[in-house]
Amino acid sequence: MKPPVTYFEWKQMFDKYAQGDDTVIHLMNEGTLTMDAGTYGRFSILIEETYKKRKQMWLDKFKNASQNQIIRSPSDFAIIISQAKNGLKSILAFVDLKPFSDDLKKTLKDDLQSFVEEVKKSLKENAFKDRSNQMNSFLLVFDNMDINKVTTPNSNNPNDIDNNFPNKRRIIF
C-alpha cells in the first residue's frame, strides 16, 4: 500500500483504522492531506468519526478487561492499565499525524486528555463505593496514566507499538 493522497485513499485508511487496524498509521503519517473549500467539511467529519470510533473501541476494550478479569492484586490492575496505555498509544499516534494541522492536533489531543481524565474520575468514584478499599490501592497505579506521558511509536514500523514494552509476554500459537 502507498500513503494516501486523495480523499478516497484517506477514507479507506480511516475506515481501516476505525476498525482496529493500526498498521495504517505509518502510511497515514506519510500521506498528504490537501484540504480545499470543497473537501474541508468532509475531511473534518471523516476525521472526527474515525477518532470517535477508535476512542469508543478503546473504552469498550477497557471496560471488558476490567469487568471480565478478576483483580486480586495491584499487579493484576497494572496489567489492565498497561493494556489501556497501549491502546492509547495508537489513538495518540492518530491524533499526532503529520498531515493534520496544528490546530486539529491540539483539539484532538485536548479532547483525548479530557476523555482520559473522565475515565480516571469514574474509576475513582467507583473505588469510593468499594467497601473492601481494595480499589483505592489499585488507583495508585492508575493515577500515573497521563496522556502526556504516553509516547507514540518513534519509527514507521507498525510493530513498534509492541517494542515499547520489552518485558511484555507474548502468546504464540
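Residues numbered from 1 in each chain as written. Predicted model: local features only at pLDDT ≥ 70, side-chain atom pairs only at ≥ 80, totals over all residues. Heavy atoms only, no water.

Sorry if this is basic, but what is going on with the overall build of the protein here?
Scanning the protein from N- to C-terminus turns up 7 helices and 0 strands. Beginning at the N terminus, the succession of helices and strands in the protein can be written as α-α-α-α-α-α-α. Burial status across the protein gives 38% buried among its 173 residues. Contacts in the protein between residues at least 24 apart in sequence constitute 67% of all its contacts with a sequence separation of at least 6. Summed over its atoms, the accessible surface of the protein is roughly 10600 Å², and 51% of this surface lies on carbon and sulfur atoms. (Helix = DSSP H or I, 4+ residues; strand = E, 2+ residues; numbered from the N terminus. Buried < 20%, exposed > 50% of the residue type's maximum accessible area, 1.4 Å probe, protein only. Contact = heavy atoms within 4.5 Å. Areas by Shrake-Rupley, 256 points an atom, 1.4 Å probe, with all protein chains shown as cover.)

How should I be thinking about the pattern of salt bridges in this particular structure?
Should the charged atoms of two oppositely charged side chains come close, the side chains can pair. Scanning the entire structure with this criterion turns up 7 salt bridges. In this structure, Arg-54 and Asp-22 form a salt bridge, with 2.5 Å as the shortest nitrogen-oxygen distance. Taken as a pair, Arg-54 in helix H3 (residues 40–68) and Asp-22 in the loop between helix H1 (7–18) and helix H2 (25–30) lie far apart in primary sequence, 32 residues in all. As a salt-bridge pair, Asp-110 and Lys-106 come within 2.8 Å of each other at their nearest N and O atoms. Remark: Lys-106 and Asp-110 occur in helix H5 (residues 102–129); sequence separation between them is 4 residues, near one turn of the helix. Asp-110 gets classed as partly exposed once you look at its relative accessible area, which sits at 42%. The class for Lys-106 is exposed, based on a relative accessible area of 52%. (Salt bridge = Lys/Arg side-chain N within 4 Å of Asp/Glu carboxyl O.)

Even after reading the chapter, I still don't get H1, so can you show me in this structure?
Three or four residues apart is the spacing at which side chains of an α-helix point the same way, because the helix has 3.6 residues per turn. End to end, H1 covers 16 Å across 12 residues, agreeing with the expected 16 Å (1.5 Å per residue, within 8%). Of the positions making up H1, those classed as buried are Glu-9, Trp-10, Met-13, Phe-14, Tyr-17 and Ala-18. Taken down its axis, H1 places every buried residue within 165° of arc, on the same side. Just downstream of H1, Gly-20 is the residue with a positive phi angle, here 105°. (Expected span 1.5 Å × (residues − 1). Arc of directions from axis to C-beta.)

Before we go on, may I ask you to explain H3 in this structure?
With 29 residues, H3 extends 42 Å between its outermost C-alpha atoms, agreeing within 8% with the 42 Å of an ideal straight helix rising 1.5 Å per residue. Restricting attention to buried positions, one finds in H3 the residues Phe-43, Leu-46, Ile-47, Thr-50, Tyr-51, Arg-54, Lys-55, Trp-58, Leu-59, Phe-62 and Ala-65.

Geometry only, nothing functional implied.
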